[in-house]
Amino acid sequence: MSVAVIPMAAELGWSATERGLVSSSFFWGYSATQLPAGYISTKIGGAKVLAAGVALWSFGTLIAPPAAQTSLLALCATRVLVGLGEGFAPSAATAVLAKLVPSTERSRAVAAVWGGLDVGSAVGLLLCGPLIRMFGWPSVFYLFAVLGLVWVAAWPLVQPDKMDPDVSR
């Protein structure tokens, strides 16, 4: 969104205040799920919560372009959905790591996961400019939504809830 909001605002005639509203909407959702995510991940398992979170944020991302064409409020609602979904990720991923990774390897695993998120964000931001130039700003949302939904479909094949951390030693 940080890259796509510029051409979106130009096309849709948003002010700086409206751009700020769109950007901040994500954080309303994100902050709302931080505490519940830890509790829910503990109760039903981080793998399920992570999949649900990715599915929710991918859906919110998928519907963002038509929502933006509809109204600023509709787009803000999709950004709240994305935030709600992403808010589950830290606690859910931590629960998955705690279950799957032996205690002697957890620091390294956490560093790899959170470092990988930063690398993924950097690569995503690098891709946004060329995507927008070639296919328009909606392409960014559609590409990342589809990638998220593909991940959700493939995640159960990994069967993270059935893995034994002692096997990796």
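Since the structure is predicted, the reported quantities are computational estimates derived from the model, not experimental observations.

(A) Seen up close, the overall build of the chain. Within the chain, the regular secondary structure consists of seven helices and zero strands. Helices (α) and strands (β) of the chain occur, in sequence order from the N terminus, as α-α-α-α-α-α-α. Its C-alpha atoms give the chain principal-axis dimensions of roughly 55 × 30 × 25 Å. The buried share of the chain, taken over its 169 residues, is 36%. In the chain, once contacts between residues fewer than 6 apart in sequence are set aside, the share between residues at least 24 apart is 76%. For the chain, the accessible surface area stands at approximately 9400 Å², while carbon and sulfur atoms represent 70% of it. Each charge class in the chain can be summarised by its mean position, and for the 10 positive and 8 negative side chains these summaries are 4 Å apart.

(B) Local environment of the nonpolar core. Counting residues in hydrophobic clusters, the biggest one holds 18 residues, and the most contacted among them are Met1, Met8, Trp14, Val22, Leu75, Trp137 and Phe141. Among the elements of the structure, α1 (5–12), α4 (64–70), α5 (72–100), α6 (106–135) and α7 (138–158) are those that each provide at least two residues to this core. Among residues more than four places away in sequence, those in contact with tryptophan 14 are Val5, Met8, Ala9, Arg19, Val22, Leu72 and Leu75.

(C) Expanded view of α5. For α5, spanning 29 residues, the distance from its first C-alpha to its last is 42 Å, which sits close to the expected 42 Å at 1.5 Å a residue. At proline 90, α5 shows its strongest bend, of approximately 30 degrees.

(D) Looking closely at the packing of helix α2 (residues 16–44) against helix α3 (residues 46–62). Running from N to C, α2 and α3 cross one another at 130 degrees; their axes reach a closest spacing of 7 Å. By the angle class used here, α2 and α3 are oblique. On the side of α2, the interface is formed by Ile40, Ser41 and Ile44, while α3 contributes Gly46, Lys48 and Val49. Tallied by class, residues from the contact of α2 with α3 come to three nonpolar, two polar and one charged.

(E) Spatial organisation of the packing of aromatic side chains. Enumeration according to the criterion identifies four aromatic pairs in this entry. Ring centres of phenylalanine 26 and phenylalanine 27 lie 4.8 Å apart, and the angle between their planes is 90 degrees; this geometry places the pair in the edge-to-face category. Ring centres of tryptophan 137 and phenylalanine 141 lie 6.1 Å apart, and the angle between their planes is 90 degrees; on these two criteria the pair is classed as edge-to-face. Residues tryptophan 137 and phenylalanine 141 agree in their burial class; the two are buried. Joined through ring pairs, the aromatic side chains of Phe26, Phe27 and Tyr30 make up one cluster.

Calculation rules
Residues numbered from 1 in each chain as written. Predicted model: local features only at pLDDT ≥ 70, side-chain atom pairs only at ≥ 80, totals over all residues. Heavy atoms only, no water. Helix = DSSP H or I, 4+ residues; strand = E, 2+ residues; numbered from the N terminus. Buried < 20%, exposed > 50% of the residue type's maximum accessible area, 1.4 Å probe, protein only. Contact = heavy atoms within 4.5 Å. Areas by Shrake-Rupley, 256 points an atom, 1.4 Å probe, with all protein chains shown as cover. Lys, Arg positive; Asp, Glu negative; His and termini not counted. Charge placed at Lys NZ, Arg CZ, Asp CG, Glu CD. Core = buried A, V, L, I, M, F, W, Y, C linked by side-chain atoms within 4.5 Å. Expected span 1.5 Å × (residues − 1). Bend = angle between axes of the 7 residues up to and from the residue. Axes fitted to C-alpha atoms, helices over the stretch in contact; angles between N-to-C directions. Parallel < 35°, antiparallel > 145°, perpendicular 65-115°, else oblique. Nonpolar A, V, L, I, M, F, W, Y, C, P; charged D, E, K, R; others polar. Phe/Tyr/Trp six-rings, centres within 6.5 Å; stacked < 30°, edge-to-face > 60°.

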